[in-house]
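Observations on the model geometry
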Amino acid sequence: MRISASIYSDKKRDLSETIEDLAAHHVDLLHVDCNDDPSVFEDISKIRTWCTIPIDLHIITKHPSNYFDLLREVPVEYVTFQMEDLEEELVIPADITGKKGLAIITPTSIEAFDKYQNFDFILIMATIPGQSGGVFDSVNFKKIRDFQKKYPGKSVHVDGGVNGEVSFILRNMGVHTSVSGSYLFNAPSIGHALMDLTKRNLDSQFLVKDFMIPLSEAPAIGEEASVLEVLNEIEIGKLGFTLVVNQQSDLKGLISNADIRKSLIRTKGNLSQEFISEIMNTTPLVIQETATVNDLLQQIKKYAFPILYLPVVDQNNKAKGILTFVNLIKGEI
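In what follows, the accompanying structure is described. Along each chain, residues carry numbers from 1 onward, in the same order as the chain's sequence is written. It should be noted that, the model being predicted, local features are given only for residues of pLDDT at least 70 and side-chain atom pairs only at 80 or more, the latter also being counted only at that level, while totals for whole chains, interfaces and linings use all residues. By convention in this description, side-chain values take in all heavy atoms of the structure and omit both hydrogens and water.

Moving on to the overall build of the protein. Numbering of helices and strands runs from the N terminus, with a helix taken as a DSSP run of H or I at least four residues long and a strand as a DSSP run of E at least two residues long. A tally of regular secondary structure across the protein gives 13 helices and 15 strands. Its C-alpha atoms give the protein principal-axis dimensions of roughly 70 × 45 × 35 Å. Taking all contacts inside the protein whose residues are at least 6 apart in sequence as the whole, residues at least 24 apart take part in 60%. Split by element, the accessible area of the protein, about 16300 Å² in all, is 50% carbon and sulfur. For the protein, the separation between the mean place of its 32 positive charges and that of its 45 negative charges on side chains is 7 Å. The contact criterion used throughout is that any non-hydrogen atoms of two residues lie within 4.5 Å. Only the protein chains shown count as cover for residues, and all accessible areas are computed by the Shrake-Rupley method using a 1.4 Å probe. Neither His nor the chain termini are counted; the positive set is Lys and Arg, and the negative set is Asp and Glu. Taken as the charge centre is NZ of Lys, CZ of Arg, CG of Asp or CD of Glu, depending on the residue.

Given below as structure tokens:
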């Protein structure tokens, strides 16, 4: 996951000093907020003479067409327009370069992106736009999942309330870019903050249930399912496994690709007479829904083998959802 530094959140130094510090620490992007102020393009022009870090421009305006000529004169790598402020149709001319994004605030549905499917990404504002130092609203975890499911080919960017813990969760969810402002500049140093945004030992405010994939969206089959139904559920879920639950949502076990492979070996390739009770792992590793992020990491560290996914249960062993670490593993490569 890329870190986009919100340059105007540094209230203590001149812009040139801020950019020099960010460049020295190899930040991925420079996030420039434009609250209907064309003068930010003068700053962007200056930044171009100081470093080669890509510009991530977020424009809040009623009339986006007022900025099209400026974007032609001073091109940026990423440009985002805030949807809620628009009073004219947003149609970005084809000759304006860079990746295009639509920014929405927390109460706005991701359906707003339907009109902008030619854009490259969505920017989810997890706090109030323009408010530095706000707290990340956990409802945005579901918005991210919903958007990724509906638009699997589009990227997700997140702005607001990104601290070390939220950064870990967003990496695990496959978010492309997170914007960091006050958290980055209020730390003892930018290097210290960047380490916090990428480290694995974290202080926790969120629980597993805040960001897990809920049972309603997870691959799951009943105890009476056939082997073919199991295979179909694993294929549809695209995660390499399915939960097995009863009608009361009690977690009875888990069937993975590895379990299917072992069964094929045992039956010499004939699964036609197999019951899923003979195939499934009845004692899979699980995580409690009330576990913190730090609890989760400490549990994973206990095992010598890699953990690719974890069923999530409550105190009564009711299946509540799943965690998968596929995106996190990809991001760490």
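Let's pick the thread back up.
Before going further, it helps to spend a moment on the sheet that holds strand 14 (residues 309-313). As summarised here, the arrangement of the four strands in space is 9-15-14-13, forming an open sheet in which the pairing is mixed. Taken across any chain shown, the strands that pair with only one partner, and hence form the sheet edges, are strand 9 (213-214) and strand 13 (287-288). With two bridges connecting them, strand 9 and strand 15 (residues 319-324) associate as antiparallel partners. Looking at the pairing, I213 lines up with I322 of strand 15. Strands are treated as partners if at least two bridges between them are detected by DSSP.

Relative accessibility decides the category of a residue: with a 1.4 Å probe and only protein chains considered, values under 20% of the type maximum give buried, values over 50% give exposed, and everything between is partly exposed. Strand 2 (residues 29-35) sits mainly inside the fold: five of its seven residues count as buried. Sheet topology places strand 1 (residues 2-6) next to strand 2; three bridges connect them, and they run parallel. Looking at strand 2, one finds that S4 is bridged to L29. In terms of strand pairing, strand 2 meets strand 3 (residues 55-60) through six bridges, oriented parallel. Its bridge partner lying in strand 3, H31 is registered against D56. Place the viewer so that the strands point away; then a crossover is right-handed whenever the path from the first strand over the helix to the second strand goes clockwise. Following the backbone out of strand 2, through helix 2 (residues 40-50) and into the adjacent parallel strand 3, one traces a crossover that is right-handed.

With that out of the way, let us pick up the pairing of strand 12 (residues 251-256). In terms of residue burial, strand 12 counts as a mostly covered element, since five of its six residues are buried. Sheet topology places strand 11 (residues 241-245) next to strand 12; five bridges connect them, and they run antiparallel. Among the inter-strand pairings, V244 is bridged to a residue of strand 12, identified as G253. Linkage of strand 11 to strand 12, two consecutive antiparallel strands, is achieved through a turn of five residues, within which S249 is found at a positive phi near 70°.

You can see L228 is positioned in helix 9 (residues 227-237). Along the backbone, L228 and S272 are 44 residues apart, and their C-alpha atoms lie at a distance of 9.0 Å.

For the rest of this paragraph, the subject is the pattern of salt bridges. Salt bridges, as used here, are contacts in which a Lys or Arg side-chain nitrogen is within 4 Å of a carboxyl oxygen on Asp or Glu. A complete count under the given rule lists 12 salt bridges for this structure. In this structure, K62 engages E87 in a salt bridge whose closest nitrogen and oxygen atoms are separated by 3.8 Å. You can see K62 sitting in the loop between strand 3 and helix 3 (68-73) and its partner E87 sitting in the loop between strand 4 (78-82) and strand 5 (99-105), a full 25 residues away along the chain. What makes K62 partly exposed here is its relative accessible area of 43%. A residue is classified by how much of its surface remains accessible, and E87, at 54% relative accessible area, is exposed. Between K150 and D114 there is a salt bridge, with its nearest N and O atoms 3.0 Å apart. One end of the pair, K150, is in helix 4 (residues 139-150); the other, D114, is in the loop between strand 5 and strand 6 (121-125), with 36 residues separating them in the sequence. Using a relative accessible area of 30% as the deciding quantity, one classes D114 as partly exposed. Through salt bridges with shared partners, a single network forms among D10, R13 and D21.

On to helix 12 (residues 293-301). Each α-helix turn comprises 3.6 residues. Residues three or four places apart therefore point the same way. V293, L296, L297 and Q299 are the residues of helix 12 that are buried. Projected down its long axis, helix 12 carries its buried residues within an arc of 160°, all on one side. Each element contacted by the buried residues of helix 12 is listed here: helix 5 (164-173), helix 8 (208-211), strand 13, strand 14 and strand 15. As used here, the arc is the angular range of directions from the helix axis to the C-beta atoms.

This part covers helix 1 (residues 15-24). Listed as buried for helix 1 are L15, T18, I19, D21 and L22. Summarising the axial view, the buried residues of helix 1 lie within an arc of 160°, below the 170-degree limit, and thus occupy one face. The exposed set on the far side of helix 1, more than 90 degrees from its buried face, consists of E20 and A24. Phi for H26, located one or two positions after helix 1, is positive at around 55°.

Our next topic: the packing of aromatic side chains. Given two aromatic rings, their pairing is described by the distance between the two centres and the angle made by the two planes. Note on ring pairs: Phe, Tyr and Trp rings are taken, using the six-membered ring of Trp, and paired if centres are within 6.5 Å. Classes follow the plane angle, with under 30 degrees stacked, over 60 edge-to-face and the rest tilted. Evaluated as defined, the whole model comprises 12 aromatic pairs. Residues F141 and F206 carry aromatic rings whose centres are separated by 5.4 Å and whose planes lie at 80° to one another, so their mutual orientation is edge-to-face. Here F141 is found in helix 4, whereas its partner F206 is found in the loop between helix 7 (190-198) and helix 8, with 65 residues between them in sequence. As far as burial versus exposure is concerned, F141 and F206 are alike and both buried. An aromatic cluster is defined as three or more aromatic residues linked by ring pairs; in this entry it consists of F136, F141, F206 and F211.

This brings us to unusual backbone geometry. Glycine aside, a negative phi is what most residues show, and trans is what most peptide bonds show. A positive phi angle is found at K268, which is not glycine, with a value near 55°. Mapped onto the secondary structure, K268 falls in the loop between helix 10 (257-266) and helix 11 (276-279). With a phi close to 65°, N317 is a non-glycine residue in the positive phi region.

Keep in mind that these numbers describe shape and distance, not what the molecule does.
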